[in-house]
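Coordinates in review
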Amino acid sequence: MTIKSKSNIKELMKKLKLILFSVLIFIILISFLIKRTPYIFKREGTDETGIVMKVYDGDTIRVRFLNGKEEKIRFIGVNCPELDDEREEIRIFAHIAKRFTFVNLYKKKVILTYDWELRDKYGRVLAYIWLKNDLFNEIIIKKGFAFAFLKFPFKREFQMRFKKAEEWARINKKGLWSIGREKVISPQETFNYINEYLSVKFICENIYFGRKYIFLDSSRDYAHTFSVLIPITEKLKFGNISKFNNKILIARGLIERYKKKTQMIVFSPLQLKLLNN
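Quick caveat: nothing in here was measured; it's all calculated off a predicted structure.

Reading guide: rules and limits
Residues numbered from 1 in each chain as written. Predicted model: local features only at pLDDT ≥ 70, side-chain atom pairs only at ≥ 80, totals over all residues. Heavy atoms only, no water. Helix = DSSP H or I, 4+ residues; strand = E, 2+ residues; numbered from the N terminus. Contact = heavy atoms within 4.5 Å. Areas by Shrake-Rupley, 256 points an atom, 1.4 Å probe, with all protein chains shown as cover. Pairing = 2+ DSSP bridges. Axes fitted to C-alpha atoms, helices over the stretch in contact; angles between N-to-C directions. Phe/Tyr/Trp six-rings, centres within 6.5 Å; stacked < 30°, edge-to-face > 60°. Buried < 20%, exposed > 50% of the residue type's maximum accessible area, 1.4 Å probe, protein only. Lys NZ or Arg CZ within 6 Å of the ring centre and 35° of its normal. Core = buried A, V, L, I, M, F, W, Y, C linked by side-chain atoms within 4.5 Å. 1 Å grid on protein atoms, 1.4 Å probe; cavity = no way out; pocket = protein on both sides within 12 Å on 5 of 7 lines; lining within 4 Å. Points joined across faces, edges and corners; volume = space filled by probe spheres on them. Nonpolar A, V, L, I, M, F, W, Y, C, P; charged D, E, K, R; others polar.

1. Describing the overall build of the chain
- Per the secondary structure count, the chain includes 4 helices and 17 strands.
- Long-range contacts, defined as pairs at least 24 residues apart, comprise 60% of the intrachain contacts of the chain with a sequence gap of at least 6.
- Total accessible area on the chain stands at roughly 16,500 Å², and carbon and sulfur atoms take up 56% of it.

What follows is the structure in structure tokens.
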């Protein structure tokens, strides 16, 4: 064997060692990622069922899966106003969006489906949230409590659905698209507008101080009244509550159904207008 042949063999061995070393590093890295993020390689189209245990804001929840594991979930393609926004009007709508999600999802069974990317940079699982055959990501946009968030890529089918939902909400002045132009209804009409953002004009005939809320009731028949609820934690913002007694008020917010009555939670004095002094 010539000196040149020996040199070529040594060079070949060096290249083989380098290739083997690179493959080994790749295997170690993949193993680390699988261990660190168990769902990173979840197959597209995989469904999981769970119960919503907590609502952080309009587009983020915590779900407990059937195996007992809990995960923080961020809705794909949805962007709600932020609770810590410096603008009060935006904060109001952030609370309304959170309430809408709470009323419709808390303690409910949901089905989660996934897209190409399973987690965001904060470690939250990215998912489509289904209530049977209804896609909640689409519903909250169509109701006007969120925007379609198309900054990051996801399936085009859902991008188009969310974009159309936002356009429909804007044209029909739903939710945040109706700020300053809210439809005003009576307490009797509220049963026809459950889960809608509207204004309600009523006479406050009774005030009741509960453990968590102060109730401004449109009737003394509590079981069938329309009530505006002020969280006790927000009480100081509203000043002397007795000023509302026997006055005509216009309250704007999310109309909810509770047992046989309807209600609305207000988080800011900007949601209550006193019509007579």
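2. Digging into the sheet that holds strand S10 (residues 197–203)
- If you walk across this open sheet you meet the 4 strands as S9-S10-S14-S17, and the pairing is mixed. Two strands bound the open sheet, and with one partner strand each, they are strand S9 (184–185) and strand S17 (272–274).
- Here S9 pairs with S10 via 2 bridges, running parallel. Bridging across to S10, Ile185 finds its partner in Val200.
- Along the sheet, helix H2 (residues 88–105) contacts S10 and strand S14 (248–254); its crossing angle with S14, the most-contacted strand, is approximately 65°.

3. Focus: the packing of aromatic side chains
- All told, the structure shown has 14 aromatic pairs when counted by the stated rule.
- A ring pair is formed by Phe154 and Phe162, whose centres lie 5.8 Å apart and whose planes are at 40°; its orientation type is tilted.
- With 5.5 Å between their ring centres and 80° between their planes, Phe202 and Phe226 make a pair best called edge-to-face. One end of the pair, Phe202, is in strand S10; the other, Phe226, is in strand S13 (residues 226–231), and 24 residues separate them in sequence. Side by side, Phe202 and Phe226 carry an identical accessibility label, which is buried.
- In textbook terms, an aromatic cluster arises when at least three aromatic residues are bridged by ring pairs, as seen for Phe75, Phe93, Phe100, Phe136, Phe145 and Tyr197.
- Sitting over the face of the ring of Tyr56, Lys72 holds its NZ or CZ atom 4.4 Å from the ring centroid.
- Taking NZ or CZ as reference, Lys142 lies 5.0 Å from the ring centre of Trp168, over its face.

4. A few points about the nonpolar core
- One finds Ile61, Ile73, Leu112, Ile129, Ile140 and Phe145 to be the most contacted residues of the largest nonpolar core, which totals 40 residues.
- Only strand S1 (47–57), strand S2 (60–65), strand S3 (70–75), H2, strand S5 (109–113), strand S6 (125–131), helix H3 (136–142) and helix H4 (156–171) provide two or more residues apiece to this core.
- Sequence-distant contacts of Ile140, defined by excluding residues within four places in its chain, comprise Gly58, Val78, Cys80, Ala97, Phe100, Thr101, Phe145 and Ala146.
- One finds Phe202, Ile214, Ile230 and Ala251 within the second-largest nonpolar core, a separate group that totals 20 residues.

5. Comments concerning the environment of Lys142
- Here Lys142 lies in helix H3.
- For Lys142, a relative accessible area of 38% translates into the label partly exposed.
- Residues Lys142 and Glu167, 25 residues apart in the sequence, show an inter-C-alpha distance of 8.2 Å.
- When residues no more than four places from it in sequence are discounted, the contact partners of Lys142 are Ala165, Trp168, Ala169 and Lys174.

6. Section: the sheet that holds strand S12 (residues 213–217)
- The 5 strands are arranged S11-S12-S13-S16-S15 in an open sheet whose pairing can be described as mixed. Looking at the sheet topology across the chains shown, the edges are occupied by strand S11 (206–209) and strand S15 (256–258). On average, adjacent strands in this sheet sit at an angle of 30° to one another, irrespective of strand direction.
- Across 3 bridges, the pairing between S15 and strand S16 (residues 261–265) is antiparallel. Within S16, the position partnered with Arg257 by the bridge is Thr262.

7. Re the layout of surface pockets
- For the largest pocket, the calculated volume is near 450 Å³.
- Arg74, Asp120, Leu126, Phe149 and Phe152 are the residues nearest the centre of the largest pocket, which is lined by 17 residues in total.
- Taken together, the residues that form the lining of the largest pocket break down as 9 nonpolar, 1 polar and 7 charged.
- By volume, the second largest pocket amounts to about 300 Å³.

Purely geometric numbers; function is a separate question.
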